[in-house]
Amino acid sequence: MEIKELREKVELHLSSVWKDNVKVSQMQHLSGGACQDNYALDLISKSGKQSLVLRTDKGASLLSSLSKRDEFKVAELVYKAGVKTPTPVFLEETSDVIGSPFFLMEKIGGKATGRYITKDKELDSYRKSQMVSDLAANLAKLHTVKPSAVSDEELKQKLKFVTKENYVSIAISDLRQSLDELPESHPAIELCLFWLESNAPSIDDIVLVHGDFRTGNFMMNSEGLQGILDYEFAHFGDRHEDIAWLCMRDWRFGRLNKEVGGFGDRKDFYQAYQNTSGIPVDPFKVTFWEIMGNVRWAIGSAQQTERHISGKDKGIELAAIGRRTAEMEWEAMRLIEEISNAI
C-alpha cells in the first residue's frame, strides 16, 4: 500500500473511532526487519499533536511470533510493570482498515542499530557508566510480570502458560518439531538438542520473557536508554533465557570480548540484574539457554530462508539470513564443548 493511501485510511479510521477530526500531517516508512513494517507518523487532533509509530506485519510472520493484538497486550503489561518502553496508544485488531491488524505506540528518540550501540563515540560515556545497569534493571522489571498478572485468558494461552517442571521439555520439544518441519536435515542441531535434553536445569520461577532481548531491540542516545522494543516473541519461561539471548555471540556486532550485547561484561550485568531483582543469576543456566538460543536462531534462520526458497515471501534479506544457520550450529557446539570441559 502506498503511503498516501495508508495515511488516508488511518485518518478516516481514527477520526471515526476517536470521534475527532484526526489528521496525519506526515508519515514515513521505517526499517522493520524481515517480519514487521513500522511507520512514523504525526497525528493532529483537538487534543494536540502526537508523534507515534504504526506497527504491522510484513508478509508472513514467523510461526512463533505473536499477533499484533497479543504483542500490544504484552506491551501494556510491560509498560505497567515500570519498564522503559514506548507507551501503547491504540490497537486495531481487524484487517479491515489497512489489510492487516496494527497498533500505535509512542514514538521515542534514539537509535537501535548494533554499530551505534556498540561503537559510536556519542555513547562512550553512557556505555562505560550506565548502559549495562539500566538494561539489567529494566529486564528485571519485565520479569516481575508473572502468569498471575495476566487476566486475559486468551493472551495467557498465547504466551504458552507452562510450569517450572515442564517448561524445558516443552521448549526442546517445540524446537524438535520446528526442525522436523524443515525440508533438509541438520545433524548438528540434533546433537545439540540431545545435549540440552541430557543437561536440563531446574527453573526458579516462570516469568514473562521478552524473547528477543538483544542489541537492536532497544533505543539509545547520549542521554541513555530511551526504550525497549519488539515483544513479538514474548512468552512465559525462565528469566535466564533473556540474559542468555543478550549474551549470544551473534548480537555482539564484532566486539566479541564484550559478551553482553557487544558493550558490557557478564559479571556487571549479572550483578546489576540481582541488585534490582534480588535474585542471583546462575551462570550454568545462562550457558544452557545460550546454547538453546543458538539452536533456536539456527532453526529460525533456516525458516526465514525457506520462506524465500518456497516463494511464499521472497526477499534478499530472507535469503541472506539462511547463511547464519551454520554459524549458530558452530557456536552452540562450541559452547557445549566449553562447558563440558569446565564440569
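Here the structure is a predicted model, which means the values were calculated and not measured.

(A) Representation of the packing of helix 7 (residues 167-180) against helix 8 (residues 187-198) within the structure. For the pair helix 7 and helix 8, the least separation of the axes is 11 Å and the interaxial angle reads 165°. For the element pair helix 7 / helix 8, the angle class is roughly antiparallel. Judged by the twist between their axes, the crossing of helix 7 over helix 8 is left-handed. Residues Ile172, Leu175, Arg176, Leu179 and Asp180 of helix 7 form the contact with helix 8, whose participating residues are Ile189, Glu190, Leu193, Phe194, Leu196 and Glu197. Residue composition of the contact of helix 7 with helix 8, grouped by class: 7 nonpolar, no polar and 4 charged.

(B) Quick peek at helix 13 (residues 324-342). Here helix 13 spans 27 Å end to end across 19 residues, near enough to the 27 Å set by a 1.5 Å rise per residue. Among all positions in helix 13, only Thr325, Met328, Glu329, Glu331, Ala332, Leu335, Ile336 and Ile339 are buried. Down the axis of helix 13, the buried set is contained in an arc of 165°. They therefore lie on one face. Exposed side of helix 13, more than 90 degrees from the buried face: Glu337 and Asn341 are the residues found there. Residues of helix 13 that are buried in the fold lie against helix 8, helix 11 (283-309) and helix 12 (316-321).

(C) Up close: the nonpolar core. Of all hydrophobic cores here, the largest spans 75 residues; its most connected members are Phe218, Met220 and Phe269. In terms of residue count, the dominant contributor to this core is helix 11 (10 residues). With residues near it in sequence (within four places) discarded, methionine 220 still touches Gly110, Lys111, Tyr116, Ile117, Leu123, Tyr126, Met131, Leu135, Leu225 and Gln226. In this structure, Leu6, Leu14, Val22 and Val97 belong to the second largest nonpolar core, which totals 16 residues.

(D) Quick look at the pattern of salt bridges. The tally for this structure, following the rule as stated, stands at 33 salt bridges. The residue aspartate 265 makes a salt bridge to lysine 258 at a minimum N-O spacing of 3.5 Å. Owing to a relative accessible area of 27%, aspartate 265 belongs among the partly exposed residues under this scheme. Across the pair arginine 266 and glutamate 259 runs a salt bridge, and its minimum N-O distance is 2.6 Å. Here arginine 266 falls in the buried class, since its relative accessible area comes to 16%. Given the relative accessible area of 31%, glutamate 259 is considered partly exposed. Beyond isolated ion pairs, a larger network of salt bridges with shared partners links Arg55, Asp57, Lys68, Glu71, Asp230 and Glu232.

(E) Region of interest: the environment of glycine 216. Of note, glycine 216 is situated in the loop between strand 6 (207-209) and strand 7 (218-221). Residue classification places glycine 216 among the partly exposed positions, given a relative accessible area of 24%. The spatial distance from the C-alpha of glycine 216 to the C-alpha of arginine 127 is 15 Å, given a sequence separation of 89 residues.

(F) Representation of the side chain of aspartate 37 in the model. Mapped onto the fold, aspartate 37 is located in strand 2 (residues 36-45). At a separation of 2.7 Å, a polar atom in the side chain of aspartate 37 contacts the side chain of histidine 29. Those residues in contact with aspartate 37 that sit more than four places away from it in its chain are His29, Leu54, Arg55, Thr56, Asp57 and Lys58.

(G) Up close: the pairing of strand 4 (residues 88-92). In terms of burial, strand 4 is a largely internal element, 4 of the 5 residues being buried. Inspection of the sheet shows strand 4 paired to strand 5 (residues 102-106) by 4 bridges, in the antiparallel sense. Its bridge partner being in strand 5, phenylalanine 90 is matched across the sheet by leucine 104.

Cut-offs and rules
Residues numbered from 1 in each chain as written. Predicted model: local features only at pLDDT ≥ 70, side-chain atom pairs only at ≥ 80, totals over all residues. Heavy atoms only, no water. Axes fitted to C-alpha atoms, helices over the stretch in contact; angles between N-to-C directions. Helix = DSSP H or I, 4+ residues; strand = E, 2+ residues; numbered from the N terminus. Parallel < 35°, antiparallel > 145°, perpendicular 65-115°, else oblique. Left-handed = near helix turned anticlockwise from the far one by under 90°. Contact = heavy atoms within 4.5 Å. Nonpolar A, V, L, I, M, F, W, Y, C, P; charged D, E, K, R; others polar. Expected span 1.5 Å × (residues − 1). Buried < 20%, exposed > 50% of the residue type's maximum accessible area, 1.4 Å probe, protein only. Arc of directions from axis to C-beta. Core = buried A, V, L, I, M, F, W, Y, C linked by side-chain atoms within 4.5 Å. Salt bridge = Lys/Arg side-chain N within 4 Å of Asp/Glu carboxyl O. Polar contact = N/O pair within 3.5 Å; in protein donor to acceptor, adjacent residues only side chain to side chain. Pairing = 2+ DSSP bridges.

These results come straight from atomic positions and should not be treated as a statement about function.
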